[in-house]
Structure formats: C-alpha cells, structure tokens
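Residue-level structural notes
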Amino acid sequence: MLEITSRNKRRIAMIVALFWSLGLSAQTLVYEREFSMIAEADNTLRITLSEDDRIVIERPFFMTRAGRFEATAPAGSYERLAAELSGLAPTSRTVREDIRQRATNELVYVTDPEYTRFMLLGDQRQVVEAVEATSLEAWSRVFTDDVRLANLAELEREWLDVMSRSLTGDAE
Amino acid sequence: MTIRKPLRKTAFHAALAAAGLAVSANAMAGAFLFAGSEQSDGSTLPFDIITHPPAYFGSGGDVNVSVCINPSSEAIDEMQVSLANAIDTWNRREPASPNLFFGSSNDIPSGAVDFESTLLHELGHCLGLAHPNEATESGLSPTNRDYTRTNPGPNRQRDLDPGADGIRGSADDLRGDDINLHWFAIDTNNPFVLSTPIDISNYSRDLADLPGGDTFAANADRSVGAALGFAQTEAVMQQGAFGDEDQRQLAVDDVATLGLGMAGLDRTAGTADDYRPVLVYGGVQEDCDINIDVSGSSFAFCQAGGQFINQSGSPPHIRISSADVQLGSTSQINWFFSVSEDLFADGFETPPSE
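Quick summary incoming for the structure in this document. Just so we're clear, the structure is a prediction, and the values are computed from it rather than from any experiment. What you see as residue numbers is a count from 1 along each chain, following the sequence as written. Key to labels: chains lettered from A, ligands numbered from 1, both in the order written. For this predicted model, a pLDDT threshold of at least 70 governs which residues receive local features, and a threshold of 80 or more governs which side-chain atom pairs are given and counted, while totals over whole chains, interfaces and linings are taken from all residues. Computation of side-chain values covers all heavy atoms of the structure but excludes hydrogens and water.

Take the pattern of salt bridges next. As a working rule, side chains carrying opposite charge can pair if their charged atoms are close by. By definition, a salt bridge exists where a carboxyl oxygen of Asp or Glu is found within 4 Å of a side-chain nitrogen of Lys or Arg. What the rule picks out here adds up to 31 salt bridges over all chains. A salt bridge links Glu106(A) to Arg102(A); the nearest nitrogen and oxygen atoms lie 2.9 Å apart. Exposure class is identical for Glu106(A) and Arg102(A). Each is buried. In this structure, the salt-bridge partner of Arg276(B) is Asp62(B), at a minimum N-O distance of 3.0 Å. Highlighted residues: Arg276(B) in strand β10 (residues 275-284) and Asp62(B) in strand β2 (residues 61-69), separated in sequence by 214 residues. A relative accessible area of 47% means that Asp62(B) is categorised as partly exposed. Taken together, the shared-partner salt bridges connect Glu32(A), Glu34(A), Arg46(A), Arg96(A), Arg117(A), Glu132(A) and Arg145(B) into one network. Burial status follows relative accessibility: with a 1.4 Å probe on protein chains alone, a residue under 20% of its type maximum counts as buried, one over 50% as exposed, and anything between as partly exposed. Secondary structure counts use DSSP, requiring at least four H or I residues in a row for a helix and at least two E residues in a row for a strand, with both numbered from the N terminus.

In this section: the interface of chain B and chain A. Across the boundary between the two partners, chain B contributes 49 residues, which contact 33 residues of chain A. Surface buried jointly by chain B and chain A totals about 3700 Å² across both partners, of which 54% is contributed by carbon and sulfur atoms. Think of a polar contact as two N or O atoms within 3.5 Å of one another; within protein, one of them needs to be a possible hydrogen donor and the other a possible acceptor, and neighboring residues in sequence only count if both atoms come from side chains. Across the contact surface, chain B and chain A share 24 residue pairs in polar contact (both at pLDDT 80 or more). Of all the secondary structure elements, the ones that give two or more residues to the side of chain B that touches chain A are α3 (115-126), β12 (300-308) and β13 (317-327) of chain B. Considering each element in turn, the side of chain B that touches chain A owes the most residues, nine residues, to β12(B). Here a strand pair is declared whenever DSSP counts at least two bridges between the two strands. Where strand β5 (residues 108-110) of chain A meets β12(B), three bridges bridge the pair, whose relative direction is antiparallel. By the convention used here, residues are in contact when the closest approach between their heavy atoms is within 4.5 Å. Simply put, the buried area is the total loss of 1.4 Å probe accessible area from both parts when two parts are fitted together.

Residues and elements named next belong to chain B. Looking at where Thr 233 falls in the secondary structure, it is placed in the loop between α4 (222-227) and β9 (245-246). We classify Thr 233 as buried; its relative accessible area is 2%. For Thr 233 and Asp 273, which are 40 residues apart along the polypeptide, the C-alpha to C-alpha distance reads 32 Å. In this view, Thr 233 contacts Ala 96, Ser 97, Pro 98, Asn 99, Leu 100, Phe 192, Asp 221, Arg 222 and Ala 251; residues no more than four positions away in its chain are not counted. Within the structure, Thr 233 has its side chain in polar contact with the side chain of Ser 97 (distance 2.7 Å). Polar side-chain contacts of Thr 233 include one of 3.4 Å to the backbone oxygen of Phe 230.

On to the packing of aromatic side chains, then. Residue and element names in this part refer to chain A. Within 6.5 Å between ring centres, the rings of Phe, Tyr and Trp (the latter by its six-membered ring) count as paired, and their orientation is classed by plane angle as stacked under 30 degrees, edge-to-face over 60, tilted in between. Across all of its chains, the model carries twelve aromatic pairs over all chains by this definition. When the ring of Phe 35 is compared with that of Phe 62, the centres are 5.6 Å apart and the planes differ by 90 degrees; the resulting orientation is edge-to-face. Residue Phe 35 is found in the loop between β1 (28-34) and β2 (44-50), and its partner Phe 62 is found in the loop between β3 (54-59) and β4 (67-72); the two are separated by 27 residues along the sequence. Ring plane angle 85 degrees and centroid distance 5.2 Å describe the contact between Phe 61 and Phe 62, whose orientation is recorded as edge-to-face.

A few words on the nonpolar core. Among the nonpolar cores identified, the biggest contains 104 residues, and Trp90(B), Ile290(B), Ile292(B) and Phe299(B) are the most heavily contacted of them. Ranked by the residues each element gives to this core, the list is headed by helix α5 (residues 147-167) of chain A, at eight residues. Beyond its immediate chain neighbours, meaning those up to four positions away, Ile290(B) contacts Pro54(B), Val65(B), Ser66(B), Val67(B), Cys68(B), Leu123(B), Cys126(B), Leu127(B), Ala323(B) and Val325(B). For this analysis, a nonpolar core means a set of buried residues of the types Ala, Val, Leu, Ile, Met, Phe, Trp, Tyr and Cys, connected via side-chain atoms within 4.5 Å. Membership of the second largest hydrophobic core comes to seven residues, among which are Ile167(B), Ala171(B), Phe192(B) and Val224(B).

This is a description of form; function is not addressed.
This is the structure we're talking about:
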C-alpha cells in the first residue's frame, strides 16, 4: 500500500501534471474528414481538441497550409463541441444507412463520398462516443428536412470554424 | 451552389425497381449511376440500368448538354482553361494510352491537385457514369477498392479474391456471388481495347459472356493496365487520384461506357435512337444542365438527380435530370489550374464527326 507522504504527494502531483501536459489524462475530441477520393494514405484532415482548448490540426498534403499545427482554440470550444456531440450522437447513429436508402428511393446520387467522424476519446484513448457521416456538406443540402443531417452538418461547420480561427490566431 | 430538388419516385419507378429483383443475369448493365442501388425496402434498382446524360429523352442526334459556372463560385477566371479542356475531352471521346503523367512529365507543382483531371472525372459522373471500381462507396478498405464494381449479391458481402495474378480488378478475380455491374468487351474482357460497334453485340455485363478462362470482368485500373501492356493508363472514371497526377485524357473504358449509352434505348449502334452528347459551355450563369461551383469544404463530387426515360421499356434507362459539380474552396484545396489550351484549336464545344 502506498504511503501518502509529502514526497509522494509531490510525485503524484508531478505525474498528474505531466499527463495533463501530454494530454493523456483527459478526454479529447477528434474530428476527422477522410477525403477518400485521394488514394494516398495522407488523405485525412484531423483535428484534436483537448479539454483545455489546446488544438492540434493535421492537414493532408493536398490542402492549403498542409502540415501539423498546434495552437489554442477559442475559449470554450471543447465544452461547446463536446456538448453538441453528446446531444447528437444517439439520434445520428443510423443516418448513413438512412440517407443511402432514401437516395436510391428518390433517385439522387452524390459521388465520391467523404467520411466525417466525430469522436470523444477517453483518457486511455478509447472511443467513448462516435458518429460517422458521409458527405455531410452535400447531403444536408439535398435532404433539407432531415434534422439529424442539418445538425451534423452544422457541427462540422463549427469544427472547421474552430480550425480556421485557431490557424489564424483568432482565438478570442 | 444551385441545388435542385431530386425527383420523387413514382409508382412506376417503384414497379420498375421491384422488377429489378427478378431480372436475370442476362444483358445486365455496367458502371452507370443508380444501377443496382439498394432501396429502403431491401430491393435494388435494376442492375441493367443505363444512365444517360442530361437532355437525352430517347431521340437520336446531337444531345446538347449545357455546362455553366455558378456565379457565386470561386476561381471563375482561373478555371476557364481547365473547364474548356475538360469539355473538349468529353466531346472528342478519343482514348489515349498512356493517360497518367507524373513529376516532370506534367506541369503540376508538387503537393497540388490537378483541377482539370478532377473536373474531368466529375463531369463523367454528371453524364451518368459510375466508378468502374468498387471505390469508396463500397465501404471496402483502400486496397480492396480496386476490385471491379459489384452489388454484394445474396450473401450480402463482397467476396474478394484477386486470383492467381494477385491483381485486384483483373480477369481472374474470384468474386463468389457478387453481381457484376461492369460492362466488358465480350471478345477480350480487356478494358484497354475498344470493341466496335460499341453496343450490346460487343459489350455485356453477363459473366457467362466472358472469354474462356476468365472468371470476372476486368476493370481499367492502372495495375490491370500495366499487366495487360498498357502502362500508365487508367480509366478517368476509376476512383482514386494522386497528388501531382495529370489524367486529362480519356481511356478506352471511358469511351466505351459512354458509347454504350450513346447506342440509345435499344442499345444497338446504328439505329435511330443513337445520340452524341455535346457539352456546350454556357458561361457564368445558373440553372444549366451541369453547374460547376468551387466552394465549400468537400474535395469534389457530382450531385446528380435521375429520371427514368422509357416508362414502358425493358431494360430501363435513366437520364440525369440535374447535375451539380462542387470542387473544394481554393482556401482549402491546393488546386492547380491549367494554363495551356493546346488540347483543342477549333472551339472546345465542337465534337468530332462520327
């Protein structure tokens, strides 16, 4: 049994601080956009947002400002995006299949699908919450009466806005 | 971007779709949009659907397809040459081999994506063509997306075995009960060699029509082309683009698939319902047959609506009733816009005489 001495307390505090600094002790939000028409491994935009609003942006080679960036997101970004994902996830799990079948019924097609993944990862990097959607930008304009699509598309826009503001240093 | 409401399915359409369940393996259709798509009731649209360009209603002759740039689009000036070239390429329908150029063999900077090549691909979708390969819509892993396009078949999963040559999408693939959606040349099953006339006398979707020894329809993937002696060649409609890649000329498979549609509703070349698609640039305006828009966060797609043409015919035909191409914003995608117009000299909307 570990004896809690003042020395141990300092060690524990240091370890906790280290884990926090590495982003390993807290949950993180992840947004991924797989541009699957690009047949190379580097085809995914990935944004990782920590509880303290630290943000890591990885932009694939074919995007403007390609590369990896670390910045501070606008204050409250994590809290807001986490809350929205939590609210959307239960009703959005079947949206991909529903859209696919409805598209066939109504004879409408969106080619070259892109995959968006919204994820909440736990402190062990396990997936706590996840929603995957296909070609959100396109389908949300086709099926404007689908509230799930509209909400997911709005969540995607918010993620991209957070990315844009973080890249430009507009984190107010 | 102008988004038109998709057409509602009529009772007739539902009946056609239901009939699709009973369609035999004979004379089925190939890599066309909508063919074999699954509906919410578990049925599929007929596998033998051929999808035609906008403005084709079943009558022969020239079918003019207007292509415009949305007034709200970015890069209107920058895309002019790329668009002109892409229109000209589809109008000429002249296959080339090789048609893939990399590095110093093209004018595309490293890290950039060729706008013209991407637009050429999306225009093909807007003319009714689907991917010849399984592509991303199959949900397969990247390495398996090169297999020939299919419906999963009765066992509800795609059966994937590349055969002895180890090449996915080649003629010795073993695909179990997967339902082939790719038209192939009956005499060769070689997607890099044109069989004429381009109609159902030379092309089939029925695996029983394969040449002896072949087990599945080969598609025009670059690895298949290399094995068949057509290096650096791939169908434009094959999904899968690379950085610094120039693919601005059609391959035989692109010409063959569009040509099959051009044989008309009877699918027989040389008859009255044959047509020639003529893409015509309509300038910067809304509500054309195909509308181009550079904006948003997506990479590239064509959003197409469909409408059945032959309400009493079998097998069924669809025409594209609305088509919008969106390519990603220049603030997001590092596009390379063509600057050379050397592909054409006499007006890019002028098709060849055939």
